[in-house]
Structures are given as structure tokens and as C-alpha cells.
Amino acid sequence: MSSLQAKLQAASAEFQKLQADLSNAVEIRQRLEARLSENELVKKEFEQLKPENTVYKLVGPVLVKQDQADAKANVETRLEFIRSEIKRVEGQLKEIQEKQEKKKQELEETQTSLESQLAQQQRVPAAA
């Protein structure tokens with residue numbers, strides 16, 4: 001196996017790993033988006049509460065009475081955390097996509113070099 005073939009295989013393996021990393025990051029972002037939507041719905045529901053309404057929190061199998069202000073603050077904190085996680089994951093996505101594009105170019109260049117090397121070998125007859 002020539003060094004170009006080995007380089008091509010290594011680059012191909014790295015490209016496939018980047019594709020898997022990208023897929024995982026997209027999946028994580030989708031889960032975060034779902035959590036964000038759920039928590040935004042909860043926040044909207046809280047905005048419609050009257051001061052005399054009671055809020056309960058599910059703790060294991062039990063509903064525990066919770067102060068409205070605490071519940072609202074908890075939801076806000078969760079929303080801030082989820083938004084920051086989405087930004088972090090979007091940064092990862094951008095970084096992975098950039099690496100993937102560079103690796104794709106490397107693959108194409110190596111493939112072209114290998115093809116020209118093979119074509120050259122076919123034109124030059126072997127010494128007898």
C-alpha cells in the first residue's frame with residue numbers, strides 16, 4: 001500500500017468520525033431545543049397564574065407544594081442554562097463543520113494525487 005493510499009484511508013476514517021461527531025452534536029441540540037420549548041411553555045403558564053394559585057412540584061412520586069416565586073425563578077434559571085448550552089453546542093457544530101470541510105478538501109486532494117500517481121504508473125512500463 002502506498003503512502004497516499006494510507007493517507008487517504010486515515011483521512012477517510014477521520015472524516016467519518018467527524019460525521020459521527022456532527023450527528024451527535026445535532027442530536028444534542030435538538031434535545032436542548034425540545035427542553036427549551038417545554039420550559040418556555042411552563043413560563044407562559046406561570047405568567048397566567050394569580051397570586052392565590054398553588055404551584056406543586058413533582059418530587060419522585062409525590063407532589064410537593066412550592067412557592068410561586070421560587071418555581072418561576074427555577075424555570076428562568078433553567079431557561080438561561082438551556083440557552084447557554086445551545087450556544088455552546090452551536091459553537092461545537094460550527095467547529096466540527098469547519099474541520100469536516102478541511103478534511104473533505106484533504107480527501108479530495110489526496111484522491112486526486114493517488115489517481116494521478118496510478119495513471120502515471122500505468123503509462124510507465126515496468127523495467128524488464
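None of these values were measured; they are calculated from a predicted model.

Cut-offs used in this document
Residues numbered from 1 in each chain as written. Predicted model: local features only at pLDDT ≥ 70, side-chain atom pairs only at ≥ 80, totals over all residues. Heavy atoms only, no water. Helix = DSSP H or I, 4+ residues; strand = E, 2+ residues; numbered from the N terminus. Rg over C-alpha atoms; globule rule 2.2 N^0.38 Å. Buried < 20%, exposed > 50% of the residue type's maximum accessible area, 1.4 Å probe, protein only. Contact = heavy atoms within 4.5 Å. Core = buried A, V, L, I, M, F, W, Y, C linked by side-chain atoms within 4.5 Å. Pairing = 2+ DSSP bridges. Axes fitted to C-alpha atoms, helices over the stretch in contact; angles between N-to-C directions. Parallel < 35°, antiparallel > 145°, perpendicular 65-115°, else oblique. Left-handed = near helix turned anticlockwise from the far one by under 90°. Nonpolar A, V, L, I, M, F, W, Y, C, P; charged D, E, K, R; others polar. Expected span 1.5 Å × (residues − 1). Polar contact = N/O pair within 3.5 Å; in protein donor to acceptor, adjacent residues only side chain to side chain. pLDDT = per-residue confidence, 0-100. Patch = residues over 30% accessible without salt bridge, like charges linked within 9 Å, V, L, I, M, F, W, Y side chains within 5 Å. Areas by Shrake-Rupley, 256 points an atom, 1.4 Å probe, with all protein chains shown as cover. Salt bridge = Lys/Arg side-chain N within 4 Å of Asp/Glu carboxyl O.

1. Points about the overall build of the protein
Counting its secondary structure elements, the protein contains two helices and two strands. Secondary structure elements of the protein occur, N-terminal to C-terminal, as α-β-β-α. Taking 2.2 N^0.38 as the reference for a compact globule, 128 residues should give roughly 14 Å; the C-alpha atoms of the protein span a radius of gyration of 27 Å, well beyond that estimate. With the C-alpha coordinates of the protein rotated into their principal frame, the extents come out at 100 × 25 × 15 Å. In the protein, which comprises 128 residues, the proportion classed as buried is 22%. If you take every contact in the protein between residues at least 6 apart in sequence, the share linking residues at least 24 apart comes to 76%.

2. So, the nonpolar core
If you look at the biggest cluster of nonpolar residues, it comprises 15 residues, and the most contacted ones within it are L32, L36, F46, I82, I86, L93 and I96. When residues of this core are traced back to their parent elements, those giving at least two are α1 (3–47) and α2 (68–123). Per-element accounting of this core gives the leading share, eight residues, to α2. Leave out the neighbours within four places in its chain, and L93 touches L22, A25, V26 and R29.

3. A word on the pairing of strand β1 (residues 55–59)
One ladder, built from five bridges, connects β1 with strand β2 (residues 62–66); its direction is antiparallel. Across the sheet, residue V55 finds its bridge partner in β2, namely Q66. Between β1 and β2, which pair antiparallel and follow one another directly, the connecting turn spans two residues, one of which, G60, has a positive phi of 65°.

4. Description of the environment of A25
Here A25 is to be found in helix α1. Classification of A25 as buried rests on a relative accessible area of 5%. In sequence terms A25 and L63 are 38 residues apart; their C-alpha atoms lie 35 Å from each other. A25 has contacts with V89, L93 and I96, leaving out every residue within four places of it along the chain.

5. Re the packing of α1 against α2
Look at α1 against α2: their axes get within 7 Å of each other, and the N-to-C directions meet at 160°. What the angle tells us is that α1 and α2 run roughly antiparallel. As for the relative orientation of α1 and α2, their crossing is left-handed in sense. Tallied by class, residues from the contact of α1 with α2 come to 24 nonpolar, ten polar and 18 charged.

6. Some points on α2
Between the first and last C-alpha of α2 there are 81 Å, a value that for 56 residues agrees with the 82 Å anticipated at 1.5 Å per step. For α2, the N-terminal cap is D67; the gap from its side-chain oxygen to the backbone nitrogen of A69 is 3.3 Å.

7. Overview of the confidence of the model for the protein
With 96% of its residues at a pLDDT of 70 or more, the protein has an overall mean of 92. Taken element by element, the predicted model of the protein shows its lowest mean pLDDT in α2 (93) and its highest in β2 (96).

8. Brief notes about the environment of L107
Along the polypeptide, L107 turns up in helix α2. When the C-alpha atoms of L107 and L41 are compared, they prove to be 46 Å apart, with 66 residues separating the residues in sequence. Discounting chain neighbours no more than four positions away, the residues touching L107 are L8, A11, S12 and F15.

9. As for a nonpolar patch on the surface
Taken together, the side chains of Y56, L58 and L63 define a hydrophobic patch exposed on the protein surface, amounting to about 360 Å² of accessible area. Position of Y56 among the secondary structure elements: in strand β1.

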